[in-house]
Amino acid sequence: MENWINELKEYLPDSQVMTELADRYSYSFDASFGEYLPDAVVQAKNKQQVVYILKIANQFRVPVYPRGQGTCLSGGPLPVKGGMVLDLSQWPSMIDVHPDDLTVVVSPSALTANINQAAEEHGLMYAPDPSSAHVATIGGNLAENSGGPRGLKYGVTKDFVLGLEVITPEGEIMRTGGQTIKNVTGFDLTKLIVGSEGVLGVITEATLKLVPKPPAVQTILAVFDNVRKAGEAISKTLTSGILPSKMEFMDQACIQAVEDFKSAGLPVHAKALVIIELDGHPEALKVERELVLKIMKRIGATETVIPQTEEEAARIWQSRKQVSPAIAKIKPTKVSEDATVPRSKIPDLIDRLQEIKEKYEVEVVVFGHAGDGNLHPNVLCDKRDQEEMRRVEQAVGEIFEAAIELGGTLSGEHGIGTMKAPFMESELGSVGIDMMKRIKDSWDPNGIMNPGKIFPEKGQKLVLRNE
Ligand SMILES: Cc1cc2nc3c(=O)[nH]c(=O)nc-3n(C[C@H](O)[C@H](O)[C@H](O)COP(=O)(O)OP(=O)(O)OC[C@H]3O[C@@H](n4cnc5c(N)ncnc54)[C@H](O)[C@@H]3O)c2cc1C
């Protein structure tokens, strides 16, 4: 081990190669489950450093775990096989907007919300808006193909990437795509890398697409006394000819948690809330607003709220953003999932989640980007209680099964990482996984990039207990 660390110290400043226990411990976890100590933490601040680091790692066969801000919910940056965590968060942030091309060139360390803020200064928008946008890096977003509420109308990260600069596992610099909207030259390696969870290389630069910032937005809050009806209202709106920019869902437990955490005046008696945002021309919004209100009432909303000021609207959206920290107060451990189903199946998924909750006697709260079929069932538990965690493991497994049975997917945006790897075959089949493995092996012949992720190991099971 000392050999590769000494080699890294030959080229990198000592402060960028950390081997003290306290430093290694700080990089041993992410926002999901499990703790794994790396042998070293190495910080890269430019592409030449990444090239050097990967060449050394390849020579000494050292696992490399790229890491942005560690907000991953599926174990992506966890150093499950030791080796090094490659921290990219200290790379100087670069956000270079090209307003005439409607593009922006960014460093991997740029925070997603800052990219959108820079675009807005030119009347433009970077639409992907994960709830973690203020703390997560674009490198992490690209690796996870992250999405957010606006994914409903605008799409997710992959829909906004025109080109990438990637350092291959063997330390070569590669460019994919370019700066143009259209590009059909050869295989689309950009799309292959986006969402590849750091197993194919390290992203060192990205050219992203921008779109005009909509001139106006309209928020609508609809209150339901029946969860299934809220699901039906979402489906009906989406088939009515209107495409809202956001359609978010919160169940009663989430509403109560947010009110206890930081009151926004939400109706705690409600069984479910649907929060909608329309965007576009102000005149068009007036018509669409009336249509949406009509649908909500027809399906059974007990109340609808139109915020009168921008502050009121911001308060409603802030309450949605607060769900994650608020539910974390209910119990010490939160297992956050992102089962995603075809949109017509949202009411069925909601029913299945209720059955699973009762069957395993676990606390499940549900919120999410219901407009694109992406719900976040969160199982609230206490990881010190081994018996409870056994039931949680079974419940989580059944949530995945339910999503797949309903024609959906294991993950809409959080990625596979370590947590969902055991379930990959049930969605992709053995041929699908084998094809992916072959791609991985040809890109990374020595298997140094983020080993232990995406691909299940023989007999691997979901384990949330300390065994
Ligand atoms: C409160 C909260 C809310 C969240 N909300 C959302 C949401 O709405 N939508 C959503 O999609 N996700 C959400 N997430 C999950 C998480 O924020 C995203 O997955 C995010 O993209 C991770 O970014 P990061 O910088 O923290 O990356 P990390 O967690 O450090 O890494 C994530 C993955 O990317 C890889 N990686 C990082 N940088 C690079 C790089 N430059 N090159 C190659 N691989 C790299 C890592 O190896 C790892 O596999 C949320 C998380 C939290 C804690």
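Keep in mind the model is a prediction, meaning the values are calculated, not measured.

### Looking at the site of the ligand
So, step 1. Looking at the ligand, there are 35 residues lining it, with Pro66, Thr71, Ser132, Thr137 and Gly147 nearest.
So, step 2. Here a nitrogen atom of the ligand sits 3.0 Å away from a polar atom, N or O, in the side chain of glutamate 413.
So, step 3. If the ligand stood free it would expose 980 Å²; the protein chains cover 93% of that surface.
So, step 4. Looking at the shell around the ligand, the elements that each hand over two or more residues are strand E3 (64-67), helix H5 (138-144) and strand E10 (202-209).
So, step 5. When residues of the shell around the ligand are assigned to their parent elements, the largest contribution, 5 residues, is made by H5.
So, step 6. Residues that form the shell around the ligand fall into these classes: 12 nonpolar, 19 polar and 4 charged.
So, step 7. Counting only domains with at least three residues in the shell around the ligand, you end up with domain 1 (2-87) and domain 2 (95-212).

### Structural notes on the side chain of serine 235
So, step 1. Tracing the backbone through its elements, the reader meets serine 235 in helix H8 (residues 227-238).
So, step 2. Here the side chain of serine 235 touches arginine 343 through a polar contact of 3.3 Å, landing on its backbone oxygen.

### Let's talk about the state of the cysteines
So, step 1. Following the criterion strictly, the structure yields 0 disulfides and no others.
So, step 2. Of all cysteine sulfurs in the structure, the one in cysteine 381 sits closest to cysteine 72, which takes part in no disulfide; the separation is 18 Å.
So, step 3. The class of cysteine 72 is buried, set by a relative accessible area of 11%.
So, step 4. Take cysteine 381: it sits in no disulfide, and the sulfur closest to it among the cysteines is that of cysteine 254, at 15 Å.
So, step 5. Given a relative accessible area of 0%, cysteine 381 falls into the buried group.

### A look at the nonpolar core
So, step 1. Leu142, Leu164, Leu208, Phe224, Met296, Val335 and Val392 are the most contacted members of the largest nonpolar core, which totals 89 residues.
So, step 2. Counting residues per element, this core draws most heavily on helix H14 (residues 386-405), which supplies 8 residues.
So, step 3. Not counting residues up to four positions away in its chain, the partners in contact with leucine 142 are Thr157, Val161, Leu164, Ile193, Val194, Gly195, Ile203, Ala206 and Leu208.
So, step 4. Counting 24 residues, the second largest nonpolar core, distinct from the first, contains Ile5, Ile56, Val62 and Met84.

### Quick look at the domain arrangement of the protein chain
So, step 1. In terms of domain boundaries, the protein chain breaks down into domain 1 (2-87), domain 2 (95-212), domain 3 (216-321) and domain 4 (331-405).
So, step 2. Computed from C-alpha coordinates alone, the two centres of domain 2 and domain 4 are separated by 30 Å.
So, step 3. Taken together, the contact pairs 4 residues of domain 2 with 4 residues of domain 4.
So, step 4. Both faces considered, domain 2 and domain 4 share a buried interface measuring about 290 Å² in area, 61% of it formed by carbon and sulfur atoms.
So, step 5. Area buried by domain 2 at its contact with domain 4 is led by Gly148, Pro149 and Leu152, which between them contribute 80% of it.
So, step 6. Between domain 2 and domain 4 we count 0 residue pairs in polar contact (both at pLDDT 80 or more) in total.
So, step 7. Tallied by class, the residues present in the side of domain 2 that touches domain 4 amount to 2 nonpolar, 2 polar and no charged.

### Details of the sheet that holds strand E13 (residues 246-251)
So, step 1. With respect to topology, 7 strands assemble into an open sheet ordered E15-E12-E14-E13-E17-E18-E16, the strand pairing being antiparallel. The open sheet has two edge strands with one neighbour each: strand E15 (303-305) and strand E16 (333-336). Going across the sheet, the axis of each strand differs from the next one's by a mean of 20°, ignoring polarity.
So, step 2. Relative to strand E18 (residues 374-381), strand E17 (residues 363-369) runs antiparallel, the two sharing 7 bridges. From the neighbouring strand, glutamate 363 faces E18, where its bridge partner is leucine 380.
So, step 3. The strands touched by helix H10 (residues 282-299) are strand E12 (216-224), E13, strand E14 (272-280) and E15; relative to E12, the strand with the most contacts, the crossing angle is about 5°.
So, step 4. Running at roughly 10° to E18, helix H13 (residues 346-360) makes contact with E13, E17 and E18 of the sheet.

The rules we used
Along each chain, numbering runs from 1 in the same order as the chain's sequence is written. Per-residue local features are limited, in this predicted model, to residues with pLDDT of at least 70; the limit for side-chain atom pairs, both in listing and counting, is 80 or more; totals at the level of whole chains, interfaces and linings are taken over all residues. Computation of side-chain values covers all heavy atoms of the structure but excludes hydrogens and water. The rule for a residue being near a molecule or strand is that one of its heavy atoms must lie within 4 Å of it. Side-chain atoms alone can form a polar contact between residues adjacent in sequence; in general such a contact is a pair of N or O atoms within 3.5 Å, and within protein one must be able to donate a hydrogen while the other accepts it. All accessibility values rest on the Shrake-Rupley procedure with a 1.4 Å probe; residue burial counts only the protein chains present in the view. Helix numbers and strand numbers start at the N terminus; a helix is a DSSP run of H or I with at least 4 residues, a strand a run of E with at least 2. Polar here means any residue outside two lists: the nonpolar Ala, Val, Leu, Ile, Met, Phe, Trp, Tyr, Cys and Pro, and the charged Asp, Glu, Lys and Arg; Gly therefore counts as polar. The split of the chain into domains comes from an automatic or database domain assignment. The criterion for a disulfide is a pair of cysteine sulfur atoms lying within 2.5 Å. Burial here depends on accessible area, computed with a 1.4 Å probe over protein chains only, as a share of the maximum for the residue type. Under 20% is buried, over 50% is exposed, and the range in between is partly exposed. In this text, buried Ala, Val, Leu, Ile, Met, Phe, Trp, Tyr and Cys residues form a nonpolar core when linked through side-chain atoms within 4.5 Å. Two residues qualify as a contact provided that any one of their heavy atoms is within 4.5 Å of a heavy atom in the partner residue. The term buried area refers to how much accessible surface (probe radius 1.4 Å) is lost by two components on association, counted for both of them together. The rule for pairing is simple: two strands pair if DSSP sees at least two bridges between them. Angles shown run from 0 to 180 degrees and are taken between the N-to-C directions of axes, each axis being a line fitted to C-alpha atoms and, for helices, limited to the stretch in contact.

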